[in-house]
Amino acid sequence: MNNIDFGIDLGTTNSGIGKFQNGKVQVFKNPVGFKETLPSVVAYRNDRILIGDKAREFIKTQPNHVFSSFKRKMGSDFVYQLPHSDEQKTPIDFSTLILKELMNFTADERPKAAVITIPASFDTIQSNATKTAGYNAGLKEVVLLQEPIAACLAYANTQNLDINEQKKWLVYDFGGGTFDVALVKINDRELKIIDHEGSNFLGGVDIDQLMVEQLFCPQLEKILGEDGLWKRMVGSEDLAYQKMFMELAYKAEEAKKELSINEESFVEMEISGDFIEMKVTRQQFNDLIKPKVDETIKLTQSLLEKNQISNQEIDRIILVGGTTYIPYIKKSLADTFHCYVDNTIDPTTAIIVGAAYFAGTKAVEEKAQNEEVSVPEITQLKEVKLVYEINSQDNEELLTGLVAGEFSGYYRITRLDGGFDTGMMPFHTRFNEFLKLLPKSINYFNVKIFDKLQHLVFEKGQVAINHGVYNISGQPLPNDICIEVDDTVGSTFLEKIFKKNEILPLSKTVYKTISKTILKGTDDQLIINVVEGNAATSPASNLCIGYLEIAASKLSANLLKGTDIELKFEISESRDLTISLFIDAIGLELEEVFNASARNVSLEKIKTELNNALNQIDWEIEDFSYKGLDDVMEKLNVIRMEIIELMRELIEAEDDLVTDKIFNIDERKRKVFQAFDQQVRGKNLLEEIEEYQLYKQQIKEELLLHPNPKIDRMFQIIIKNEQVFLNSDQISVVRSKIKELKRLARELYYQHDEAYIDLFYDYAHLSVTDYENETQAKKLISKGEDAVEKRNFQELKSIISSLYNLLKVKPKDYLEDQNGTLGLR
Ligand code: ADP
Ligand code: MG
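Described in the following lines is the structure provided in the data block. Given the structure is predicted, the values throughout are model-derived calculations rather than measurements. (Residues numbered from 1 in each chain as written. Chains lettered and ligands numbered in written order. Predicted model: local features only at pLDDT ≥ 70, side-chain atom pairs only at ≥ 80, totals over all residues. Heavy atoms only, no water.)

Turning our eyes to something else, we now look at the overall build of the chain. A tally of helices and strands in the chain yields 19 helices and 37 strands. The buried share of the chain, reckoned over its 825 residues, is 52%. Residue pairs in contact within the chain that sit at least 24 positions apart in sequence constitute 67% of those at least 6 positions apart. Carbon and sulfur atoms form 49% of the exposed surface of the chain, whose accessible area is close to 38700 Å². For the chain, the distance from the average site of its 97 positive side-chain charges to the average site of its 131 negative ones is 3 Å. (Helix = DSSP H or I, 4+ residues; strand = E, 2+ residues; numbered from the N terminus. Buried < 20%, exposed > 50% of the residue type's maximum accessible area, 1.4 Å probe, protein only. Contact = heavy atoms within 4.5 Å. Areas by Shrake-Rupley, 256 points an atom, 1.4 Å probe, with all protein chains shown as cover. Lys, Arg positive; Asp, Glu negative; His and termini not counted. Charge placed at Lys NZ, Arg CZ, Asp CG, Glu CD.)

A side chain with one charge may pair with a side chain of the opposite charge, provided their charged atoms come close. Within the structure shown, the criterion is met by 42 salt bridges. Lys-696 is the salt-bridge partner of Glu-722, the closest N and O atoms lying 2.8 Å from each other. Linking Glu-722 in helix α15 (residues 722-726) with Lys-696 in helix α13 (residues 661-705), this pair joins segments that are 26 residues apart in sequence. For the pair formed by Glu-722 and Lys-696, the shared burial category is buried. A salt bridge links Glu-754 to Arg-791, with the shortest nitrogen-to-oxygen separation between them at 2.7 Å. On the criterion of sequence distance, the pair formed by Glu-754 in the loop between α16 (731-749) and α17 (755-764) and Arg-791 in the loop between α18 (774-790) and α19 (793-806) is long-range, its members being 37 residues apart. Since its relative accessible area comes to 43%, Glu-754 is described here as partly exposed. Connected through salt bridges with shared partners, the residues Arg-56, Glu-253, Glu-254 and Lys-257 form a single ionic network. (Salt bridge = Lys/Arg side-chain N within 4 Å of Asp/Glu carboxyl O.)

Before going further, it helps to spend a moment on the environment of Glu-688. Take Glu-688: it is sitting in helix α13. Glu-688 sits in the buried class, given a relative accessible area of 14%. In this structure the C-alpha to C-alpha distance between Glu-688 and Pro-148, which are 540 residues apart in sequence, comes to 39 Å.

Right, let's get into the site of ligand 1. Close contacts around ligand 1 come from 18 residues, with Asn-14, Gly-176, Glu-253, Lys-256 and Ser-260 the closest. Between ligand 1 and Lys-256, the relevant distance is 2.7 Å, taken from an oxygen atom to a side-chain nitrogen or oxygen of the residue. Within the complex, the protein chains bury 90% of what would otherwise be the 570 Å² of accessible surface of ligand 1. At three residues, the largest contribution of residues to the shell around ligand 1 is made by helix α7 (residues 239-259). Along the lines of polarity and charge, the residues of the shell around ligand 1 split into three nonpolar, 12 polar and three charged. (Near = heavy atom within 4 Å. Polar contact = N/O pair within 3.5 Å; in protein donor to acceptor, adjacent residues only side chain to side chain. Nonpolar A, V, L, I, M, F, W, Y, C, P; charged D, E, K, R; others polar.)

In this section: unusual backbone geometry. Of note, the amide linkage connecting Leu-504 to Pro-505 takes the cis form, showing an omega dihedral of -5°. Inspection of the secondary structure puts Pro-505 in the loop between β30 (492-498) and β31 (506-513). Residues other than glycine seldom take positive phi values, yet Arg-791 does so here, at roughly 55°.

Strand order across the open sheet formed by three strands is β6-β5-β7, with antiparallel pairing between neighbours. Strand pairing shows two members of the sheet lacking a second neighbour, β6 (48-51) and β7 (66-68), which therefore form its edges. Strand-to-strand twist across the sheet, computed as the mean angle between neighbouring axes with direction ignored, equals 20°. In the sheet, strand β5 (residues 41-45) pairs with β7 via three bridges, with the strands oriented antiparallel. If you follow Val-42 over to β7, its bridge partner there is Phe-67. Across the sheet, helix α2 (residues 91-103) touches β5, β6 and β7, and the angle it forms with β5 is around 100°. (Pairing = 2+ DSSP bridges. Axes fitted to C-alpha atoms, helices over the stretch in contact; angles between N-to-C directions.)

Along its 21 residues, helix α5 (residues 204-224) runs 28 Å from first to last C-alpha, staying within 8% of the 30 Å computed at 1.5 Å per residue. In α5, a bend of some 45° at Phe-216 exceeds every other bend along the element, and Pro-218, a proline, comes one to four places later. At the C-terminal side of α5, Gly-225 shows a positive phi close to 60°. (Expected span 1.5 Å × (residues − 1). Bend = angle between axes of the 7 residues up to and from the residue.)

Quick look at the packing of α13 against α16 now. To characterise two packed helices, one gives the angle between the axes of the helices and the distance between these axes. Remark: α13 packs on α16, axes separated minimally by 9 Å, with the N-to-C direction vectors making an angle of 25°. The orientation of α13 relative to α16 falls into the category roughly parallel. Every pair of crossing elements has a handedness; the one defined by α13 and α16 is left-handed. Taken together, the residues that form the contact of α13 with α16 break down as 13 nonpolar, two polar and eight charged. (Parallel < 35°, antiparallel > 145°, perpendicular 65-115°, else oblique. Left-handed = near helix turned anticlockwise from the far one by under 90°.)

Let us look at the packing of helix α11 (residues 603-627) against α13. Look at α11 against α13: their axes get within 11 Å of each other, and the N-to-C directions meet at 30°. Here α13 runs roughly parallel to α11, going by the angle between their axes. Judged by the sense of rotation from one axis to the other, the crossing of α11 with α13 is left-handed. Only Ile-662, Ile-665, Asp-666, Lys-669, Phe-673, Phe-676, Gln-679, Val-680, Lys-683 and Glu-687 of α13 make contact with α11, whose side of the interface consists of Leu-603, Ile-606, Glu-609, Leu-610, Ala-613, Gln-616, Ile-617, Glu-620, Asp-623, Phe-624 and Lys-627.

So, on to the nonpolar core. Membership of the largest hydrophobic core comes to 52 residues, with the highest contact counts inside it found for Val-212, Phe-216 and Met-233. Dropping the residues within four chain positions of it, Met-233 is found in contact with Val-212, Cys-217, Tyr-241, Gln-242, Met-244, Phe-245, Leu-248 and Val-658. Core analysis: the second largest hydrophobic core is formed by 37 residues, Ala-151, Tyr-155, Val-171 and Ala-359 among them. (Core = buried A, V, L, I, M, F, W, Y, C linked by side-chain atoms within 4.5 Å.)

For Leu-494, the location among the structural elements is in strand β30. Excluding residues that lie within four positions of it along the chain, Leu-494 makes contacts with Cys-482, Ile-483, Glu-484, Val-531, Asn-534, Ala-535, Thr-537, Ser-538, Pro-539, Asn-542, Gln-730 and Ser-732.

It is worth spelling out the packing of aromatic side chains at this point. The full count for this structure, using the stated rule, is 23 aromatic pairs. Here the aromatic rings of Phe-760 and Tyr-761 are separated by 5.1 Å at their centres, their planes lie at 65°, and the arrangement is edge-to-face. A cation sits over an aromatic face here: Lys-71 above Phe-122, 5.9 Å from the ring centre. The side chain of Lys-797 reaches across the aromatic face of Tyr-756, ending 4.8 Å from its centre. (Phe/Tyr/Trp six-rings, centres within 6.5 Å; stacked < 30°, edge-to-face > 60°. Lys NZ or Arg CZ within 6 Å of the ring centre and 35° of its normal.)

A word on the state of the cysteines. One pass over the full model with this rule turns up zero disulfides. Cysteine Cys-152 remains unbridged, with the sulfur of Cys-339 as its closest cysteine sulfur at 14 Å. (Disulfide = S-S within 2.5 Å.)

So, about the pairing of strand β16 (residues 274-281). Across eight bridges, the pairing between strand β15 (residues 264-271) and β16 is antiparallel. If you follow Glu-264 over to β16, its bridge partner there is Thr-281. The hairpin formed by β15 and β16 contains two residues between the paired strands, and Ser-272 there has a positive phi angle of roughly 45°.

Scanning the entire structure with this criterion turns up two cavities of 30 Å³ or more. Looking at the largest cavity, its volume works out to about 70 Å³. As for the largest cavity, its lining consists of Leu-10, Gly-11, Ser-15, Ser-40, Phe-70, Lys-71, Met-74, Ser-95, Ile-98, Thr-117, Phe-122 and Thr-130. Residue composition of the lining of the largest cavity, by class: five nonpolar, six polar and one charged. In terms of lining, the second largest cavity is formed by Thr-12, Lys-71, Arg-72, Pro-119, Phe-122, Gln-126, Thr-178 and Asn-200. By residue class, the composition of the lining of the second largest cavity is two nonpolar, four polar and two charged. (1 Å grid on protein atoms, 1.4 Å probe; cavity = no way out; pocket = protein on both sides within 12 Å on 5 of 7 lines; lining within 4 Å. Points joined across faces, edges and corners; volume = space filled by probe spheres on them.)

Right under this line is the structure:
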């Protein structure tokens, strides 16, 4: 068994590759220029493709030939137009080029498998896009690792930490294009991510652009006597302005870096033959970036609040990402959180180092095994189980061997470097052995089992035990994964399949009922949206990552409304989502019914959504003010202001062809909508809970007056675990409980014949035009009135049933109210 060993940081701005070897990580250098990182930049020049530093140089002179920050658009359907050709490229294509270039760093040893890091906030589509880039670059196996975990692994493994009690760390990663903060728990051997926050559109690039817009443009406008320079630079097709923007942004970045060391920096521009010099002081710069830094601090605070953790509980803040070189950031964090801010590792290579440590503990899958290395593994025994911890901080680790059935023979365990050998040891069915470990490295052992005649019957080479290298207890799912389900009142809600922060891999089977008939052989289908986000909010404020489809063309028999279906959801550690479907009634089994879809970001769509949200929030604010709920109203007003701000920025973005404003707005929009939902849903949830309590009370009273053991039993089953589901924050669960209670209440109600009188009058009071045959309906109604008078309930029930049959639009059964909805319930 080999380990993956190669770790890659595929960054927005910079990428790099490292390898785990003999307990250490080596970060490879670019054979050209000997830097440890490669700018994630691609340029097209005549028929050459340039990658990295060489590509970056052309930003100033031929900006429309240079492509960067494409990681921010991973998983979207965005395409880049190549200059002077009709060829188009996707963010995946460019990422593939970067990965291929990185693999040149490793000289003669080409990686077949690698760990590639992703931001913790990457959704399923973005994660899958990253994996695709890896495969396209020629890797046979790609394992994804969340960046904050990589950062922690780098810290934990390179510092001589002596952790006896559990500690909590914050990993603050401010890179070129993204900001991520993660809350991590670490004990003497394992790390666990508790939760994370972040923005995919907040990074060093935004600081550079801000410098151009607010520091340089006003100065240039004065000198040039020209207004609206920024607008022209980001909004016009004029190459001269685009070049100017790119040159300024490039120089802003250089000046920014200089300001991390010096108190001031100068930017020189040549405009129409004149040299213009602009000065920036550190103070100016700090004032400029304060709102951005505050935004990161706000996200960090909300992460702590969400998890009810105080500043005092944080042992340290680990700094990652090139932007954290800025002294003001370190100071702001220390001032705000009053804890140790740790920047002892190079923030630009930390992720590479961590990815390689992780790769050093991950076994290569069969398909990516290097063919030349044969791994001894023979077995003539039915089943042998070896139980041991793959990570250890101790000098020795216990290994237990178990052979299925009755077995007597010998075992022998050797360490591959020859420093440990048990010799032939007799055993019966099971053995225990303490394996001596070499410190700070991965120890490989060979385990052999012999029969009574000392013939080899089992061998396993490369049993790897990691000493002193920190590992993780699993990667968490960054968001809830839900399906969109029909509601009884015609709208939809989210049903949670997997919960945020559950540890991957995950698997779950759910049972649903089809509420629409699909006839085989037609082109009919049933589509169920799969959504990633927050289950406690409405479908619209989340991200649709794809859909599952039951197509009539795949059916061998008709699928009738009301049929039960079984759906099995699985997510691998590297975020592959698969859904399979099983329909017992027609013996149908379909694998892979999930279709992933790329994210579509369109300005028009966002505009409509924002407009709708604004109308809705105005309505809600009025409603809350009517009810006198001032605190909610206040929160809604803040959200309303944010929506208006987004609308304003969207108008600006309309003429913005250069920056990623629309993507940024789309992401913030989703967050604002979720905040809105949470306020309003809270209200709806309370209303639902009230309704639940009402029905419960009603049934309780009825059962006291007219005891009914069968119904009482059913009632107890429904209200069991009440505390759990009422506090679950899941409106759908409460609704389904209400439905069950309603059904019971109805059953109780119709225990008494008198109840049928009310029901009859419900039918009698319908308009005669609701019935297929008016005269017949009238006749039945008058007969019914007779029956009521004579208290002939037998007759009355039969009349109600006849009226039901005459109805043009029928409720599900004659006792129930009408509800005809499509999809699943
Ligand atoms: P990513 O993870 O997005 O690939 P990095 O962690 O490599 O990015 O960080 C890149 C960002 O860090 C860029 O925006 C760059 O300008 C910024 N950066 C690098 N060095 C410094 C510095 N000394 N001072 C301020 N910012 C820096
Ligand atoms: Mg990074």
